[in-house]
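Working through the structure, step by step
Here are the chains, one letter per residue:
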Protein chains: 2
Amino acid sequence: MESPPDNSNSKQIGPVPKAVIARLSLYLRELQHWEREGKETISSTQLGKLLGFTDAQVRKDFAYFGQFGYPGIGYRCAELTQAIKVILGTDRSWPVALVGCGNLGQALLGYGGFSEQGFRIVAAFDSSPSRIGQSIAGVKIESIDSFLSLSKQLDIRMVLLAVPAAVAQEVADTLVGAGVTGILNFAPVTLSLPRTVQVVGVDLAIELEQLAYAVVKTRT
Amino acid sequence: MESPPDNSNSKQIGPVPKAVIARLSLYLRELQHWEREGKETISSTQLGKLLGFTDAQVRKDFAYFGQFGYPGIGYRCAELTQAIKVILGTDRSWPVALVGCGNLGQALLGYGGFSEQGFRIVAAFDSSPSRIGQSIAGVKIESIDSFLSLSKQLDIRMVLLAVPAAVAQEVADTLVGAGVTGILNFAPVTLSLPRTVQVVGVDLAIELEQLAYAVVKTRT
């Protein structure tokens, strides 16, 4: 057996562009599909082709984190998948809370894609008495008032925030006060929070605007 | 009254980076909030600050499309909002169809953020007999078999695709055959479609992975 490449210096030097980190997720998803089809290795050309990137782009992206390919073989899927997960921090299971159990929140509870990638929604919170106590997809909806105690108990630091825009800032402040350091924000507002708190915004209309632009461009 | 700046040459020369188009949506959202607060003008510094960009970045982004600022005043919100909408193609109302009415699809039907930006979900489709005929948020769920005729009738070219991953490619092929040119894909798979069809992928687990990366980075 040939020894694996030296990844001991795989901690990147200097900041990695956000776009590279975004592409790591895309590579990971394709590698997972590729593995599911029973394939054990993949070349940078093959991986790039699946996503419309050049092989040079693929190699350059991974070079930020170390040396992962084998000459004449390409990448070993299982090894590269694991390496990307370590970089992204998803090689562990993350307990996540859902805050806001309206239509969107309920859909998020039923969304299988999270647990596949290591994110378990372990608790759900709402402020509406009509929702509190209900169970959706096996998760019981708790009162937002119990967030502080439950989040400590369940070691929750990441939250899916699916409350109405009008209350998003106020709720986010409460979450941060309870020790939350990562918020995936589905409310179409920009949250103003301490720098130590990471926020990723998901504004679905933005994605649709980007699509409209692409559709219009193609026709002109 | 002073005359508005000359935007007649506002068609950009050469390709605009995708990241710039993505930022246009962010600028638009902040301008809309700013206007809602009754403010009529905004400087590049103010606009940048809301999003964590430099004023130079803001000015450079808009420079792709023409000259929008007024010396000593900054940008007129209503004018810049309208200009961005024209660029993005959202100065009109887009009829959009939802395909796939499970949990996520139903949440999308109830999501107010789309209509605010000019996207109206005018039809919804599913293949499950138990869902066909039901109405959600005022939209009746139709059989996917009637997509071709209804989409022609309603002039639908953009679709929100919220079907299970396993059937996403097959359904997408059907939609493209019916003349759809833009797909906002919520299934966590990369669709393989003709180049004339624009696809924007929304994989919610990817957003969560990006958040996990940011959270882990902050602590190390």
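Residues numbered from 1 in each chain as written. Chains lettered and ligands numbered in written order. Predicted model: local features only at pLDDT ≥ 70, side-chain atom pairs only at ≥ 80, totals over all residues. Heavy atoms only, no water.

1. Some thoughts on the interface of chain B and chain A
Of the residues lining the interface, 62 residues belong to chain B; the matching set on chain A comes to 63 residues. Carbon and sulfur atoms make up 65% of the area that chain B and chain A hide from each other, which totals about 5,300 Å². In terms of surface lost to chain A, no three residues of chain B exceed Leu208, Glu209 and Tyr213 of chain B, which account for 13% of the buried area on that side. Linking chain B with chain A are four salt bridges. With its nearest N and O atoms 2.8 Å apart, the salt bridge here joins Asp203 of chain A to Arg29 of chain B. Connecting chain B to chain A are 16 residue pairs in polar contact (both at pLDDT 80 or more). (Contact = heavy atoms within 4.5 Å. Buried area = accessible area lost by both parts, 1.4 Å probe. Salt bridge = Lys/Arg side-chain N within 4 Å of Asp/Glu carboxyl O. Polar contact = N/O pair within 3.5 Å; in protein donor to acceptor, adjacent residues only side chain to side chain.)

2. Structural notes on the relation of the copies chain B and chain A
Least-squares fitting of chain B to chain A yields an RMSD of 0.0 Å, with the superposition described by an axial translation of 0.1 Å and a rotation of 180 degrees. Expressed as an axis order, the relation between the two copies is that of a two-fold axis. Minimal C-alpha separation from the rotation axis in chain B is found for Ala107 of chain B, amounting to 3.0 Å. (Least-squares fit on C-alpha atoms with pLDDT ≥ 70 in both.)

3. Observations regarding the nonpolar core
Of all hydrophobic cores here, the largest spans 60 residues; its most connected members are Phe114 and Leu160 of chain A together with Phe114 and Leu160 of chain B. Non-local contacts of Phe114 of chain A, meaning those with residues more than four positions away in its chain, are made with Leu108, Phe119, Ile121 and Leu160 of chain A together with Leu204, Ala205 and Leu208 of chain B. (Core = buried A, V, L, I, M, F, W, Y, C linked by side-chain atoms within 4.5 Å. Buried < 20%, exposed > 50% of the residue type's maximum accessible area, 1.4 Å probe, protein only.)

4. Examining the pattern of salt bridges
Per the counting criterion, the structure on display carries 16 salt bridges over all chains. The residue Lys39 of chain B makes a salt bridge to Glu37 of chain B at a minimum N-O spacing of 3.0 Å. A residue is classified by how much of its surface remains accessible, and Lys39 of chain B, at 33% relative accessible area, is partly exposed. Several salt bridges converge on common partners, so that one network encompasses Arg29 of chain A together with Asp203 and Glu209 of chain B.

So far we have only geometry, and geometry alone does not tell us how the molecule works.
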